[in-house]
Amino acid sequence: MNEETVKSALDGLPVPQVRWFDSISSTNDVALQWVSEGVQEGCLVMADAQTQGRGRFGRRWVTQPEDSLAFSIIMKPRAEEIPQLGLFSPLGALAICQALEADWRLKPLIKWPNDVLLSGRKAAGILVEVVWSGNDLQGLVIGIGLNIAPSSVPPDEQVLYPATCVEQAVGGAVDRMQALRSILAQLFRWRAQPLGEVFFAEWQKRLAFLGESVQIDWDAQQRDSEEPSVRGVFVGLDQTGNALIRLPSGEKRAVSVGDVHFRPV
Ligand code: BTN
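Quick caveat, the model's predicted, so the values are computed rather than measured.

Right, let's get into the pairing of strand β7 (residues 136–147). The buried fraction of β7 amounts to ten of the twelve residues, a majority that puts the element mostly inside the structure. One ladder, built from ten bridges, connects strand β6 (residues 121–133) with β7; its direction is antiparallel. When the sheet's bridge partners are listed, Val 131 is paired in β7 with Gly 139. Linkage of β6 to β7, two consecutive antiparallel strands, is achieved through a turn of two residues, within which Gly 134 is found at a positive phi near 60°.

Within the structure, the ligand sits among 20 residues, and Ser 26, Gln 50, Arg 54, Arg 56 and Lys 122 are positioned closest to it. Measuring from a nitrogen atom of the ligand, one finds a backbone N or O atom of Arg 54 at 2.7 Å. For the ligand, the accessible surface in isolation is 420 Å², of which the surrounding protein chains cover 99%. Among the detected pockets, the ligand sits in the largest pocket. When the residues that make up the shell around the ligand are grouped by side-chain class, the tally is six nonpolar, ten polar and four charged.

Before going further, it helps to spend a moment on the sheet that holds strand β12 (residues 260–264). Here five strands make up an open sheet; going across it, the order is β11-β10-β9-β8-β12 and the pairing antiparallel. Every interior strand has two partners, whereas the edge strands, β11 (252–255) and β12, have only one. For this sheet the average axis-to-axis angle between neighbouring strands, irrespective of direction, equals 45°. Where strand β9 (residues 229–237) meets strand β10 (residues 243–246), four bridges bridge the pair, whose relative direction is antiparallel. Across the sheet, Gly 236 pairs through a bridge with Leu 244, a residue of β10.

Attention now moves to the packing of helix α3 (residues 88–104) against helix α6 (residues 197–205). Any two packed helices are characterised by the angle at which their axes cross and by the distance between the axes. Taken N-terminus to C-terminus, the directions of α3 and α6 make an angle of 65°; their axes are 10 Å apart at the nearest point. Like other packed secondary-structure pairs, α3 and α6 cross with a definite hand, here left-handed. Each of Pro 90, Leu 91, Leu 94 and Gln 98 in α3 lies in contact with α6, whose residues at this interface are Phe 199, Glu 202 and Trp 203.

Our next topic: the pairing of β11. Looking at chain direction, β10 and β11 are connected through four bridges and run antiparallel. Bridge pairing links Arg 246 to Lys 252 in β11. Count of turn residues in the β10/β11 antiparallel hairpin: five residues, of which Gly 250 carries a positive phi of about 100°.

This next bit is on unusual backbone geometry. Cis geometry marks the peptide bond from Trp 112 to Pro 113; its omega dihedral reads 0°. For Pro 113, the location among the structural elements is in the loop between β4 (109–111) and β5 (115–118). Of note, Phe 57 is a non-glycine position whose phi angle comes to about 55°, a positive value. Within the secondary structure layout, Phe 57 lies in the loop between β2 (44–50) and β3 (68–75). Backbone geometry places Arg 105, a non-glycine residue, at a positive phi of 55°. With respect to the secondary-structure elements, Arg 105 resides in the loop between α3 and β4. With relative accessibility at 67%, the residue Arg 105 sits in the exposed group.

Turning our attention to α3. Since the α-helix advances by 3.6 residues per turn, residues separated by three or four positions end up pointing in the same direction. The end-to-end C-alpha distance of α3, which contains 17 residues, comes to 24 Å, matching closely the 24 Å that a straight helix rising 1.5 Å per residue would cover. Of all 17 residues in α3, 14 are buried; the element is thus mostly enclosed. Just downstream of α3, Arg 105 is the residue with a positive phi angle, here 55°.

For helix α5 (residues 176–191), built from 16 residues, the straight-helix expectation of 22 Å at 1.5 Å per residue is met to within 8% by its first-to-last C-alpha distance of 23 Å. Within α5, twelve of the 16 residues are buried, leaving the element largely enclosed by the surrounding structure. Along α5, the positions that sit buried rather than exposed are Arg 176, Met 177, Ala 179, Leu 180, Ser 182, Ile 183, Leu 184, Gln 186, Leu 187, Phe 188, Trp 190 and Arg 191. Those residues of α5 hidden inside the fold are in contact with α1 (3–9), β2, β3, α3, β7 and α6. The N-cap of α5, judged by a side-chain oxygen 2.9 Å from the amide nitrogen of Met 177 a few residues on, is Asp 175.

Counted under the stated rule, the structure contains seven aromatic pairs. Where Trp 190 meets Phe 199, the ring centres are 5.6 Å apart and the plane angle is 80°; that geometry is what we call edge-to-face. Ring geometry for Phe 199 against Phe 200: centres 5.5 Å apart, planes inclined by 65°, an arrangement best described as edge-to-face. Given the relative accessible area of 13%, Phe 200 is considered buried. Every member of this aromatic cluster is reached through a ring pair, and the members are Trp 112, Phe 209, Phe 234 and Phe 262. The ring centre of Tyr 161 lies 4.8 Å from the NZ or CZ of Lys 111, which sits over that ring. When the ring centre of Trp 190 is taken as reference, the NZ or CZ atom of Arg 189 above it lies at 5.3 Å.

About the cut-offs
- Each chain carries its own residue numbering, running from 1 in the direction its sequence is written.
- In keeping with the model being predicted, local features are shown solely for residues with a pLDDT of at least 70 and side-chain atom pairs are shown and tallied solely at 80 or more, while totals for entire chains, interfaces and linings include all residues.
- Note that water and hydrogens are dropped before the side-chain values are worked out from all heavy atoms of the structure.
- Type-normalised accessible area, obtained with a 1.4 Å probe on protein chains alone, sets the label of each residue: buried when under 20%, exposed when over 50%, and partly exposed for intermediate values.
- Numbering of helices and strands runs from the N terminus, with a helix taken as a DSSP run of H or I at least four residues long and a strand as a DSSP run of E at least two residues long.
- Pairing between strands is defined by DSSP: at least two bridges between the two strands are required.
- One heavy atom suffices: a residue is near a molecule or strand as soon as one of its heavy atoms comes within 4 Å of it.
- Under this definition, polar contacts are N or O atom pairs within 3.5 Å; protein pairs additionally need one hydrogen-donor-capable and one acceptor-capable atom, and for neighbouring residues in sequence, both atoms have to be side-chain atoms.
- Here the open area of atoms and residues is found with the Shrake-Rupley method and a 1.4 Å probe, where only the protein chains shown may cover a residue.
- In this analysis the probe radius is 1.4 Å and the grid spacing 1 Å, with only protein atoms considered; a cavity is a set of points the probe fits into but cannot get out of, a pocket is an open set with protein on both sides within 12 Å along at least five of seven lines, and lining residues have an atom within 4 Å of a point.
- Any molecule with more than half of its atoms within 2 Å of a cavity's or pocket's grid points is regarded as sitting in that cavity or pocket.
- Each residue gets one label: Ala, Val, Leu, Ile, Met, Phe, Trp, Tyr, Cys and Pro are nonpolar, Asp, Glu, Lys and Arg are charged, and the others, such as Gly, are polar.
- A fitted line through C-alpha atoms serves as each axis, taken over the contacting stretch for helices, and the angle formed by two N-to-C directions is quoted from 0 to 180°.
- Crossing handedness: left-handed means the near helix sits turned counterclockwise from the far one by under a right angle, and right-handed means the same turn made clockwise.
- We call two residues contacting when some pair of their heavy atoms lies within 4.5 Å.
- By this rule, a helix spans an expected 1.5 Å times one less than how many residues it contains.
- Only Phe, Tyr and Trp rings are paired, with Trp represented by its six-membered ring, and only when their centres lie within 6.5 Å; those with planes under 30 degrees apart are stacked, over 60 edge-to-face, the remainder tilted.
- Put simply, a charge is over a ring when the Lys NZ or the Arg CZ is close to the ring centre, within 6 Å, and near the line of the ring normal, within 35 degrees.

Right under this line is the structure:
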């Protein structure tokens, strides 16, 4: 894989520029810098390996050569989309799901808000980061890590949530460039329409643990109340993408997309 193979795989898609690296600290870091320099929507940063790949909550995300996809795609949300910035990470998850469904007939699910699961194990993670200049939104980066080959799967004891990869689910080889193209095509398809009812319906249709008991823990650094967690039955999404949890008291509680840990009980 190199810059030329990436560019030719993306032929016809609205990707104005590609920055390719055999190895880089983090594609999100390069993309965030690029955003602050001013860049168009759809520009892509991609690497075969990352030395300081990042996940949510400051966790490490390991990317070694030739066995996974690690890329960051730049979005330039319009002013009227600012209230919906929290939806860009589920948008990435939905695009991955739809690509895996269309090209490999898989049945991925989304662990709210945005982890992609195959057979109950995590295959992809998304880290969205936003660049502001004062009150002006400069742009946003959707960083996507997708495990393709078995060698990309970290051992269970090294991760909080057990992981898997696409080749394991397919039972054979998977072309990384095909996966990249397919994910980006789905993403651009969603960018051409408002994130409204259809988007929420497609997201909700793929939610893992619906109707099951779950626990949501607020990340220690983000917690703004004394309440560390909430437990109840996951009953779906509200119209803004919040998770609706039915508490043991019968009351329904909406938990907003953000720095929370969601897990089955
Ligand atoms: C998570 O599940 O915690 C999110 C993982 C996101 C990893 C991707 S790989 C490409 C991009 N660059 C990074 O440093 N992180 C994201």
